[in-house]
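Chains, contacts and geometry: an overview
In case you want the letters, here they are:
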Amino acid sequence: MAAAVAVVGLFSAAVATQSASAADNPYQRGPNPTLASVAANRGTFATAQTSVPAGNGFGGGVIYYPTDTSQTFGGVAIVPGYSALFANEEAWMGPWLASFGFVVIGIETNSRTDSADARGTQLLAALDYLTQRSSVRDRVDPNRLSVVGHSAGGAGVLSAILRRPTLKAGIGLAPGSPVGDYGLSNDRVPTMFISGQRDTTVTQSYLNGLYTTIPASTPSAWVEITGVDHLFATRANTTEMRVLIPWLKIWVDNDTRYTQFLCPLADSSNISMYRNKCPYVPPGGSPSPSASPSSSPSQSPSQSPSQSPSQSPSQSPSTSPSPPPPGACVAEYQPQNSWPGGYQALVTVKAGSSAINGWTVRWTLGSGQTISQAWNGTLSTSGSAVTVKNASYNGSLPAGGSTSFGFLATGTPSTPTLTCTSP
């Protein structure tokens, strides 16, 4: 009897905790997520769909929605790439996202050759239709809307988020260039890029130039999928969805239960590069207990672009620095990737038991080594001597806080001895 009472007590406490969590966040949808559930091709909501005629500012499409009528859901509009049809490209995403608790409208464009900006206009028209005139408008929260698009449709996403900063999230799948090739310096919407490592249409170099224009204060992330080309989003893709769903959950549903999958990246399989601004804290939320404790509030991308055609089959062990003294810092070298004639590495800078304002990391290159590119730090070299100082956004670290910078180099990889000083 005592054991039974104890079990009932534990169950009641668990239910109370979950209910309190849901009460704290009225937009939280679905059971507590796990790595397996996020990677599944269906969530817990039963779904249905209805067709949409042309004539509402876009070329028609399909709405996918949870059949649950007891609550409202965030909305997602999806647009295809240049010359493509949603029915052929992204229709697989509709029921998948709806089963995780979103109302999804996948649209066809007015013309298959519409410009990127025209696709952005049609995304916004689709959201207006979804929330104001559609047959499921009572299921959609008009204040929690997001946009997704591939290629020219991804560029349409960028156009849409610049024009409607009240959107909660934007996801560009190998996003191309909006008209005028403008940057994202005015982006205020949490923005994720998902790209392919072998994409020769929307290249890593192009995306890097675009991604770096996003303000440091705007949440953003960039995920590169290993070994896929420009058309990765046109096929059912678990790797894509296990990062896309948490992004929507965090920013559309304000659901901090999902930050554990991105801060740090919970599953890096089939992912060749990941840049982030952890921790991710949606409005009214607080960092998830499972979020990386070493992440600083400022921008701290964990990796930057790899130029290797594939991941190295093995990695060398990273250095193991001793804890830094008060007010000082320590730098840890971590090999990331290597290929014939070159390699990629990540350096993590960590503050000691008191905060620091500025840091400098130094080391000596080995024979035949040169650095061709660096990010998240200011690089200078003199012969074989390398100096990297903090960037404008990642120099101030709280006690025990950390940030990172990365670099690409030619030559044979080695494990250098690093020194870190502050300021």
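Residues numbered from 1 in each chain as written. Predicted model: local features only at pLDDT ≥ 70, side-chain atom pairs only at ≥ 80, totals over all residues. Heavy atoms only, no water.

An unreviewed UniProt entry lists the protein under the name Poly(ethylene terephthalate) hydrolase, with Microbispora amethystogenes given as the organism. The heading Sequence similarities (unreviewed entry) in the UniProt record of the protein holds the text "Belongs to the AB hydrolase superfamily." (UniProt positions renumbered as here; feature names shortened; annotations may be inferred.)

Points about the packing of aromatic side chains
Summed over the entire model, instances satisfying the criterion amount to 16 aromatic pairs. Ring centres of Tyr211 and Trp222 lie 5.7 Å apart, and the angle between their planes is 45°; on these two criteria the pair is classed as tilted. Here Tyr211 is found in helix α7 (residues 204–211), whereas its partner Trp222 is found in strand β8 (residues 220–225), with 11 residues between them in sequence. Residue Tyr211 is classed as buried on the basis of its relative accessible area, which comes to 2%. Owing to a relative accessible area of 0%, Trp222 belongs among the buried residues under this scheme. Measuring from centroid to centroid gives 5.8 Å for Trp247 and Trp251, while their planes differ by 65°, and the two rings are edge-to-face. Pair noted here: Trp247 and Trp251 are both in helix α8 (residues 238–252), with a separation of 4 residues, about one helical turn. There is no split in this pair, since Trp247 and Trp251 are both buried. (Phe/Tyr/Trp six-rings, centres within 6.5 Å; stacked < 30°, edge-to-face > 60°. Helix = DSSP H or I, 4+ residues; strand = E, 2+ residues; numbered from the N terminus. Buried < 20%, exposed > 50% of the residue type's maximum accessible area, 1.4 Å probe, protein only.)

Re the sheet that holds strand β9 (residues 271–275)
Taken together, the 9 strands give an open sheet; going across it, the order is β1-β2-β4-β3-β5-β6-β7-β8-β9, and neighbouring strands pair in mixed fashion. With partners counted over all chains shown, the strands left at the sheet margins are β1 (47–52) and β9, one partner each. Averaged over all adjacent pairs, the angle separating strand axes in this sheet is 15°, with direction ignored. Here strand β7 (residues 191–196) runs beside β8; their pairing, made up of 6 bridges, is parallel. (Pairing = 2+ DSSP bridges. Axes fitted to C-alpha atoms, helices over the stretch in contact; angles between N-to-C directions.)

Comments concerning the pattern of salt bridges
Inspection of every chain in the model, using the stated rule, returns 7 salt bridges. The shortest N-O distance in the salt bridge between Arg144 and Asp141 comes to 2.9 Å. Exposure class is identical for Arg144 and Asp141. Each is buried. Arg144 serves as the salt-bridge partner of Asp253, at 2.5 Å between the closest nitrogen and oxygen. Taken together, the residues Asp253 in the loop between α8 and β9 and Arg144 in strand β5 (residues 140–150) connect sequence positions 109 residues apart. The exposure class of Arg144 is buried, given its relative accessible area of 2%. (Salt bridge = Lys/Arg side-chain N within 4 Å of Asp/Glu carboxyl O.)

Structural notes on the sheet that holds strand β15 (residues 377–382)
An order of β15-β16-β13-β19 is seen for the 4 strands of this open sheet, with the pairing classed as antiparallel. Lying at the two open borders of the sheet, with one neighbouring strand each, are β15 and β19 (419–421). Each strand of the sheet is rotated relative to its neighbour by a mean of 20°, with strand direction disregarded. Strand direction decides the pairing type here: strand β13 (residues 360–364) and strand β16 (residues 385–390), joined by 5 bridges, are antiparallel. Looking at β16, one finds that Thr360 is bridged to Lys389.

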